[in-house]
Amino acid sequence: MGDQLADALQTLERGKSRTFKSIPPEPTGTVRLDVTESAGTVVKQWFVTLESGTARVRRPDSETPRPEPDAVLRTDKDTFDRLVRGEERFVPLFFRNALVVEGHLGLVHMLAMVLFAGPPTGHHPRDFVHEEAGP
Amino acid sequence: MVKKTLSILDGNTFLVTDVRGDVTPSPNSPAGLFSFDTRFLSTWVLRVNGERLSPMSRSDLQFFETRFFLVPGEPTHYVNAKLSVIRKQTIGICLVERLVVLNHDIEPADVSIRIDADADFADIFEVKENQPKRGRRSVCQEDGRLCLHYERATFYRDTIISSDRPAKVDDGGMTFDIRLEPHGRWDVELQVEPIINRGVGGSVTVWEAYRRRSRPQVREELERWIARAPRLASDYEPLTAAYKRSLYDLAAMRYSSLTATSPIPTAGLPWFMTLFGRDSIFISLQTLPFVPALTPPVLGLLGTLQGSTFDDFREEEPGKILHEFRYGESAAFEEQPHTPYYGSADATPLFVILLDEYERWSGDVEAVRRFEPQARAALNWIDEYGDLLGTGYVYYRRRNTRNGLENQCWKDSRDSISYRDGRLPALPRATCELQGYAYDAKIRGARMARDFWNDPEYADRLEGEAAQLREQFNRDFWIEEEGYYALALDPEGKRVDALASNMGHLLWSGIVEPDRARRVADHLLGPSLFSGWGVRTLSTTNLRYNPVGYHVGAVWPFDNSIIAWGLWRYGFREEAARIADGMITASGYFDGRLPEAFAGYERSLTGYPVEYPAACSPQGWSAGAPLLLLRTMLGLSPYPDHLAVDPYLPPSVGRIELLDIPGRWGRADAFGRRRQRDGDQQAGPVARLTHGE
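This one's a predicted model, so the numbers in the text were calculated from it and none came from an experiment.

Peer 1: Looking at this structure, how should I read the overall build of chain B?
Peer 2: Helix and strand content of chain B: 18 helices and 30 strands. Here chain B has a C-alpha radius of gyration of 27 Å; the compact-globule value for 693 residues is 26 Å, and the two agree. Reported as C-alpha extents along the three principal axes, the dimensions of chain B are approximately 85 × 65 × 55 Å. By residue count, 62% of the 693 residues in chain B fall in the buried class. Long-range contacts, defined here as pairs at least 24 residues apart, represent 63% of the contacts in chain B between residues at least 6 apart. Carbon and sulfur atoms provide 48% of the accessible area of chain B, an area that totals close to 25,000 Å². Computed over 82 positive and 96 negative side-chain charges, the separation of the two mean positions in chain B equals 2 Å.

Peer 1: What should I look at first to understand the sheet that holds strand β1 (residues 6-10) of chain B in this one?
Peer 2: Hydrogen bonds between backbone groups are what pair the strands of a sheet, and the pairing can be parallel or antiparallel. Residue and element names in this part refer to chain B. Taken in spatial order, the four strands of this open sheet run β1-β2-β3-β4, and their pairing is antiparallel. The strands lining the two open edges of the sheet, one partner per strand, are β1 and β4 (38-41). Averaged over all adjacent pairs, the angle separating strand axes in this sheet is 25 degrees, with direction ignored. When strand β3 (residues 32-35) meets β4, the two strands line up antiparallel, connected through three bridges. Pairing of Phe-34 across the sheet is with Arg-39, part of β4.

Peer 1: Hey, could you run me through the packing of aromatic side chains in this one?
Peer 2: All names here are of chain B. Using the criterion set out here, one finds 40 aromatic pairs over all chains in the structure. Taken together, a centroid distance of 6.0 Å and an interplanar angle of 65 degrees make the contact between Phe-282 and Trp-621 edge-to-face. Taken as a pair, Phe-282 in helix α5 (residues 277-287) and Trp-621 in helix α18 (residues 620-634) lie far apart in primary sequence, 339 residues in all. When its relative accessible area of 0% is taken as the criterion, Phe-282 is described as buried. Measuring from centroid to centroid gives 5.0 Å for Trp-410 and Phe-558, while their planes differ by 90 degrees, and the two rings are edge-to-face. With Trp-410 in the loop between α10 (372-386) and β20 (430-431) and Phe-558 in helix α15 (residues 557-569), this residue pair connects regions lying 148 residues apart in the sequence. Comparing Trp-410 with Phe-558, the two get one shared label, buried. Taken together, the aromatic side chains of Phe-282, Trp-410, Tyr-437, Trp-508, Tyr-550, Trp-556, Phe-558, Trp-565, Tyr-612 and Trp-621 make up a single cluster linked through ring pairs. In this arrangement the basic side chain of Arg-423 is found over the ring face of Tyr-419, its NZ or CZ atom lying 4.1 Å from the centre.

Peer 1: Is there a simple way to think about the UniProt feature "domain: SCP2" (unreviewed entry) in chain A in this case?
Peer 2: In this structure's numbering, the residues bearing the UniProt feature "domain: SCP2" (unreviewed entry) are residues 29-115 of chain A. For residues 29-115 of chain A, helix accounts for 30% and strand for 38%, while the C-alpha atoms at its two ends are 15 Å apart.

Peer 1: Which parts of the structure should I look at to understand empty space enclosed by the protein?
Peer 2: Summary: where empty space remains is shown by rolling a probe the size of a single water molecule over the atoms. Residues and elements named next belong to chain A. One pass over the full model with this rule turns up four cavities of 30 Å³ or more. Put simply, the largest cavity is a space of about 200 Å³. Forming the walls of the largest cavity are 21 residues, and the residues nearest its centre are Arg-89, Phe-90, Val-91, His-109 and Met-113. Breaking the lining of the largest cavity down by element, the ones donating at least two residues are α3 (90-95) and α4 (105-115). In terms of residue class, the lining of the largest cavity is made up of 10 nonpolar, seven polar and four charged.

Peer 1: Sorry, what's going on with the pattern of salt bridges here?
Peer 2: On inspection of all chains with the given rule, the structure shows 82 salt bridges over all chains. When the shortest N-O distance is used, the salt bridge between Arg-397 of chain B and Glu-132 of chain A registers 3.6 Å. Here Arg-397 of chain B, found in the loop between α10 and β20, pairs with Glu-132 of chain A, found in helix α5 (residues 125-133), and the two come from separate chains. The exposure class assigned to Arg-397 of chain B is partly exposed, which follows from its relative accessible area of 24%.

Peer 1: Looking at this structure, how should I read the sheet that holds strand β14 (residues 168-170) of chain B?
Peer 2: Residues and elements named next belong to chain B. Reading across from one edge, β5-β10-β15-β14 is the order of the four strands in this open sheet, with antiparallel pairing throughout. For this open sheet the edge positions go to β5 (43-48) and β14, each flanked by a neighbour on one side alone. The average angle at which neighbouring strand axes cross in this sheet is 15 degrees, direction not considered. When β14 meets strand β15 (residues 173-180), the two strands line up antiparallel, connected through three bridges.

Peer 1: Looking at this model, I keep getting lost on the packing of α15 of chain B against helix α16 (residues 573-587) of chain B. Mind explaining?
Peer 2: Two measures define how a pair of helices packs: the angle their axes make with one another and the distance between the axes. All names here are of chain B. The contact between α15 and α16 brings their axes to 8 Å, and the two run at 160 degrees. Considered as vectors, α15 and α16 are oriented roughly antiparallel to each other. For the pair α15 and α16, the crossing hand works out as left-handed. Listed contacts from α16 to Pro-557, Asn-560, Ile-563, Ala-564, Leu-567 and Trp-568 of α15 are Arg-573, Glu-575, Ala-576, Ile-579 and Met-583. Partitioning the contact of α15 with α16 into residue classes produces eight nonpolar, one polar and two charged.

Peer 1: Could you clarify how one ought to interpret α15 of chain B in this entry?
Peer 2: The α-helix advances 3.6 residues per turn, and as a result positions three or four apart in sequence lie on the same side. Residues and elements named next belong to chain B. Helix length check: α15, at 13 residues, gives a terminal C-alpha distance of 18 Å against a target of 18 Å (1.5 Å per residue), a fit within 8%. In terms of residue burial, α15 counts as a mostly covered element, since 11 of its 13 residues are buried. All buried positions along α15 are accounted for by Pro-557, Phe-558, Asp-559, Asn-560, Ser-561, Ile-562, Ile-563, Ala-564, Trp-565, Gly-566 and Leu-567. The inward-facing, buried residues of α15 abut α5, α8 (347-362), α13 (502-509), α14 (514-524), α16 and α18.

Peer 1: Can you walk me through the interface of chain B and chain A in this structure?
Peer 2: Quite often, the size of an interface is put as the accessible area lost when its parts meet. Across the boundary between the two partners, chain B contributes 42 residues, which contact 32 residues of chain A. In total, chain B and chain A occlude about 3,100 Å² of area from one another, counting both sides; carbon and sulfur atoms represent 60% of this. At the boundary of chain B and chain A, one finds four salt bridges. Along the contact surface separating chain B from chain A lie 13 residue pairs in polar contact (both at pLDDT 80 or more). Taken together, the residues of the side of chain B that touches chain A sort by class into 16 nonpolar, 11 polar and 15 charged.

Peer 1: Where do I start with helix α4 (residues 237-252) of chain B in this structure?
Peer 2: When the terminal C-alpha atoms of α4 of chain B are compared, their 23 Å separation across 16 residues agrees well with the 22 Å that a helix rising 1.5 Å per residue should span. Among all positions of α4 of chain B, only Leu-239, Ala-242, Tyr-243, Ser-246, Leu-247, Asp-249, Leu-250, Ala-251 and Ala-252 of chain B are buried.

Peer 1: When you look at the environment of Val-653 of chain B in this model, what are you seeing that I'm missing?
Peer 2: All names here are of chain B. Relative to the helices and strands, Val-653 resides in the loop between β26 (643-644) and β27 (655-663). For the pair formed by Val-653 and Arg-674, sequence separation is 21 residues and the distance between their alpha carbons is 7.3 Å. Contacts of Val-653, omitting those with residues within four sequence positions, involve Ser-234, Asp-235, Tyr-236, Leu-239 and Arg-674.

Peer 1: What should I look at first to understand the side chain of Arg-674 of chain B in this one?
Peer 2: Residue and element names in this part refer to chain B. On the secondary structure map, Arg-674 appears in strand β28 (residues 666-674). A polar atom in the side chain of Arg-674 sits 2.4 Å from the backbone oxygen of Leu-649. One polar contact links the side chain of Arg-674 to the main-chain carbonyl oxygen of Pro-650, over a distance of 3.2 Å.

Peer 1: Before we go on, may I ask you to explain the packing of α13 of chain B against α14 of chain B in this structure?
Peer 2: Residue and element names in this part refer to chain B. Here α13 crosses α14 at 140 degrees, and the two axes come no closer than 10 Å. When the axes of α13 and α14 are compared, the pair comes out oblique. Relative to α14, α13 is oriented so that their crossing is left-handed. The residues of α14 that touch α13, namely those facing Met-503, Gly-504 and Leu-507, are Ala-517, Val-520, His-523 and Leu-524. When the residues that make up the contact of α13 with α14 are grouped by side-chain class, the tally is five nonpolar, two polar and no charged.

What counts, and at which threshold
Residues numbered from 1 in each chain as written. Chains lettered and ligands numbered in written order. Predicted model: local features only at pLDDT ≥ 70, side-chain atom pairs only at ≥ 80, totals over all residues. Heavy atoms only, no water. Helix = DSSP H or I, 4+ residues; strand = E, 2+ residues; numbered from the N terminus. Rg over C-alpha atoms; globule rule 2.2 N^0.38 Å. Buried < 20%, exposed > 50% of the residue type's maximum accessible area, 1.4 Å probe, protein only. Contact = heavy atoms within 4.5 Å. Areas by Shrake-Rupley, 256 points an atom, 1.4 Å probe, with all protein chains shown as cover. Lys, Arg positive; Asp, Glu negative; His and termini not counted. Charge placed at Lys NZ, Arg CZ, Asp CG, Glu CD. Pairing = 2+ DSSP bridges. Axes fitted to C-alpha atoms, helices over the stretch in contact; angles between N-to-C directions. Phe/Tyr/Trp six-rings, centres within 6.5 Å; stacked < 30°, edge-to-face > 60°. Lys NZ or Arg CZ within 6 Å of the ring centre and 35° of its normal. UniProt positions renumbered as here; feature names shortened; annotations may be inferred. 1 Å grid on protein atoms, 1.4 Å probe; cavity = no way out; pocket = protein on both sides within 12 Å on 5 of 7 lines; lining within 4 Å. Points joined across faces, edges and corners; volume = space filled by probe spheres on them. Nonpolar A, V, L, I, M, F, W, Y, C, P; charged D, E, K, R; others polar. Salt bridge = Lys/Arg side-chain N within 4 Å of Asp/Glu carboxyl O. Parallel < 35°, antiparallel > 145°, perpendicular 65-115°, else oblique. Left-handed = near helix turned anticlockwise from the far one by under 90°. Expected span 1.5 Å × (residues − 1). Buried area = accessible area lost by both parts, 1.4 Å probe. Polar contact = N/O pair within 3.5 Å; in protein donor to acceptor, adjacent residues only side chain to side chain.

As structure tokens, then:
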């Protein structure tokens with residue numbers, strides 16, 4: 001499967017969002033993504049900076065200085081992957097504490113909206129009406 | 001027997017008690033301390049020497065504070081009370097209870113003060129539907145505090161109960177054994193703190209930060225809020241009482257979301273103490289001339305949470321404005337779709353309407369530019385996702401067949417949309433007022449595109465679409481032989497021919513052809529829709545009419561305020577004043593607080609308005625109704641350089657003075673007078689303008 005979060009971040013860095021036509025210009029700031037093992041130890045840290053409709057990503061192995069984050073989003077690798085695939089949504093996970101957010105929640109929420117896919121089962125409402133009506 | 005309850009609130013944290021300040025376990029009624037949709041106290045019972053107390057009197061000091069004067073035992077048993085208790089409950093981020101125990105005897109007294117406490121951590125939806133908990137509860141004592149805990153996987157809720165005097169703490173509460181001197185007094189302060197997802201390992205999570213966030217003192221904040229609202233004087237006491245009550249209730253019902261910088265309005269106590277798209281937009285529309293500060297955070301939060309993808313469970317689509325946001329366990333574990341739920345077909349066009357109306361009052365062009373992407377996405381939603389059948393009309397059909405709403409208009413109960421003969425139409429359905437909102441959104445969107453977004457082509461396109469919609473709407477919905485608009489279209493495009501209040505909203509939207517407006521107004525004020533207090537949700541001539549039916553006969557103050565606004569728009573001033581008169585007079589029977597709805601009985605039958613059973617009170621858009629009715633009676637319209645005033649008062653009201661109306665002009669005053677003799681209307685000196693503040 002590879003690193004799905006890495007792939008999604010790479011796509012975002014190219015200016016492409018899974019859900020938005022373009023990355024909204026606001027809010028701006030840096031989110032640190034802490035990827036943990038099941039035991040809770042942080043094994044990887046990504047930094048994503050949203051600014052004026054662009055996303056800058058600092059990879060975990062980068063030599064560049066770490067930016068000061070405005071927010072932290074922390075959860076395990078499996079949960080990140082499910083978010084990337086759209087099998088989980090950010091808000092309910094946040095509410096049931098299955099992921100932890102520190103700092104600027106609005107910024108993390110925006111990142112979640114542009115970075116993660118919608119549910120794979122989602123329908124365009126017109127398609128849904130047609131399917132329900134039958135052939 | 002109807003149990004009398006009392007509530008105090010601070011946004012989405014509220015306490016519901018009985019008349020002595022106690023909470024007794026009630027699995028399926030909303031008694032207790034609630035915050036963020038969870039019950040943090042389900043038992044809170046005070047005993048003195050083992051006896052429950054009886055109320056002598058109480059003073060409801062403020063919406064956030066009640067004081068009870070109590071004596072031990074049943075009033076029928078006591079001779080002369082030797083002891084009494086003053087119990088003050090104050091709600092903020094915590095519940096604070098101050099007890100003062102007084103010994104009235106000439107002898108000293110040994111007294112045991114006991115408070116029983118427990119928390120069932122029920123989600124508000126579990127209370128509504130009486131469902132059991134799935135997680136694990138536990139209790140412990142820690143440094144003289146009683147700690148009640150609930151967990152389900154990583155979901156944590158805690159209630160921490162502490163006191164400022166040493167107590168004997170056990171798992172069921174705390175006890176104070178005290179000695180009171182003759183005519184002595186003793187007091188204690190108890191604190192009940194609700195904690196959501198408490199942090200572990202020193203991490204300052206968003207939940208922790210929210211709890212620690214310093215917030216303005218409720219009392220000072222309230223004084224500022226009242227001082228900033230226009231001052232009302234009138235010779236009709238129910239009007240001034242309703243205005244004052246509304247301002248207090250609107251202040252009380254605001255809550256700080258986790259992200260919003262300013263508080264936003266909740267919808268109704270006890271069931272709807274959270275963000276609703278439709279309700280918060282209508283409350284903003286009703287209150288813009290009075291408390292414009294409510295609106296920007298509503299636009300901001302709804303804009304931030306605008307849909308971005310297709311999610312069938314949440315009924316989310318790109319550009320859609322949310323219906324309901326919940327923070328409880330059922331939302332967190334996705335047993336309910338409220339994170340957020342998008343099942344409403346009207347909030348999206350209403351968002352565009354609110355943005356435009358806000359600019360007209362405030363002159364805040366910067367906001368119109370800032371929200372341009374969201375407004376465009378909302379306008380796009382109307383045609384791309386709202387128009388389900390490609391017929392040019394906004395239809396709705398739920399994709400969440402488990403617990404989504406069947407009717408996604410403001411009348412969202414299951415049986416609200418019917419044919420005159422009582423049959424329920426198939427889905428999808430296109431109710432008439434949705435088309436009115438879509439039309440108005442396009443007209444207003446065009447104005448914003450031309451004046452502020454520098455996109456005249458888009459403006460032309462929107463106006464063309466609006467004209468097309470208006471033409472086909474007036475063809476397809478109008479029932480010529482009856483002289484009214486059908487309630488809805490069914491999937492075949494056939495008219496759902498019930499006579500209902502919805503078409504009053506069409507007048508507000510301006511989609512009604514002027515030569516048809518008279519007939520519409522006559523129906524709204526006619527005997528089958530108008531009860532004498534207000535317009536019923538459904539006419540008595542329909543088979544499903546029921547005077548105590550939520551959306552099929554009850555009278556809703558919010559609905560009536562929009563209808564009056566619509567009548568005003570088409571020049572039916574006397575009719576609008578009649579509705580205002582009925583509503584304001586009705587509010588007098590509820591201490592100035594209009595409930596969510598009241599029964600559709602004929603006014604002459606009951607003589608007083610009968611509150612709808614289980615109505616929410618206070619209800620946000622019912623509190624907003626007197627404000628909008630004031631606007632229509634005074635005929636207030638915002639212009640770039642002045643506020644126009646064109647009053648028309650009902651017979652019960654002789655005089656209205658509304659001073660310091662905030663807006664783009666600074667502050668302005670409006671006067672309205674009714675002449676004694678012939679009932680002619682007189683504007684006082686047209687608005688006095690004071691520029692700048």
